[in-house]
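For reference, the chains in residue letters:
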Amino acid sequence: MTDTVTTGGKAPLGVGSIISESFSILFANFVKVLMIAFIPTVVGLLISGAFLGFGVALGMEDPAATLDPNDLGGFFAGIAVAAVIQMVIYGLVIALMVQLAYDAIVGRPVKLVEYFGPALRAALPIAVLTFVATILYGIGFALLIVPGLWLYAVFSVTAPAVVIDKVGFGGLGRSARLTKEYRWPLVGLFIVILIIVFAVSMVANFAAIATGSIAIALVISALINSIGSGLLGISSAIAYARLREIKEGVGVEQIVEVFD
């Protein structure tokens, strides 16, 4: 991917520069990213483990092997509760990462404590919208994959829209409007990001499972999920800022003013 990607004669999105800047911000703030994401991720895994069993929650055991035929209702209720908790945790972490990304872009100090107020307000809408979008992605991927990728691009800047624009449950519509005419470059962007996250996650999970230790697997899984969430949150924040710049003439300096 390079910055020469153009869409219908419009200004280029700059896929290459978004990927480069995302990794630059991630590595420059690596410890802070882990500080933001690690504890919420661990809490989510612990709660999921309490409902599903830690082996299942960490991918170390086949759910079918632990399924009690006499308690199917309890099993599926546990899956539902675990999924809701993970969505809320994801919403919180992404909302925190969006704020970190913008402060890093403009060279402002990263203020972890100050991020939690806006993040808590945005966490529930992001969680609900992520759940809705995930259902749509699933339908799209069932239709030969490409529609799922396209829908992912349509809703790819939902989280920054909720945090910055304060549109609440209107985040999907705001994202759809911003990404219009730039969805295929966004598909390319997030394919690269998701492949990297998936590959690192797979290697780490195999390593964790090989240890046979629930505690080690929990820590490794939380670390990798934290890094993956950090990269996704940062890249979506940068893509959102670029779309705002192209379509509305709003610079990052103006975007970060919402936190002042």
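In this text, all values refer to a predicted model and were calculated from it rather than measured experimentally.

Rules of the game
Residues numbered from 1 in each chain as written. Predicted model: local features only at pLDDT ≥ 70, side-chain atom pairs only at ≥ 80, totals over all residues. Heavy atoms only, no water. Helix = DSSP H or I, 4+ residues; strand = E, 2+ residues; numbered from the N terminus. Buried < 20%, exposed > 50% of the residue type's maximum accessible area, 1.4 Å probe, protein only. pLDDT = per-residue confidence, 0-100. Contact = heavy atoms within 4.5 Å. Axes fitted to C-alpha atoms, helices over the stretch in contact; angles between N-to-C directions. Parallel < 35°, antiparallel > 145°, perpendicular 65-115°, else oblique. Left-handed = near helix turned anticlockwise from the far one by under 90°. Nonpolar A, V, L, I, M, F, W, Y, C, P; charged D, E, K, R; others polar.

**Student:** Quick one: what's the story with unusual backbone geometry, residue by residue and with numbers?
**Tutor:** Even without being a glycine, K166 presents a positive backbone phi close to 55°. Among the structural elements, K166 can be located in the loop between α8 (158-165) and α9 (171-179). Non-glycine residue E181 carries a positive phi angle of around 75°. Along the polypeptide, E181 turns up in the loop between α9 and α10 (183-211). Using a relative accessible area of 42% as the deciding quantity, one classes E181 as partly exposed.

**Student:** Explain the confidence of the model for the chain to me, using residue names and the numbers behind them.
**Tutor:** Note that predicted coordinates carrying low pLDDT should not be read in detail. When pLDDT is averaged across the chain, the result is 84; 89% of the residues are at 70 or more. Below a pLDDT of 50 lies the segment residues 1-8, which in the model reaches 19 contacts outside its immediate sequence neighbourhood of four places, other chains included.

**Student:** A description of the environment of I214 should follow, citing residues and the corresponding values.
**Tutor:** Looking at the element boundaries, I214 is found in helix α11 (residues 214-248). By relative accessible area, I214 is classed as partly exposed at 34%. Taking the C-alpha atoms as reference, I214 lies 8.0 Å from L58; in sequence the two are 156 residues apart.

**Student:** Tell me about the packing of helix α1 (residues 15-28) against α11, and name the residues and values.
**Tutor:** Interhelical geometry of α1 versus α11 gives an angle of 130° and a closest axis separation of 9 Å. With respect to α11, the axis of α1 lies oblique. Two packed elements cross with a definite hand, and for α1 against α11 that hand is right-handed. Contacts between α1 and α11 involve I18, E21, S22, F23, I25 and L26 from the first element and I227, L231, I234, S235, I238, A239 and R242 from the second. A class-by-class count of the residues in the contact of α1 with α11 yields nine nonpolar, two polar and two charged.

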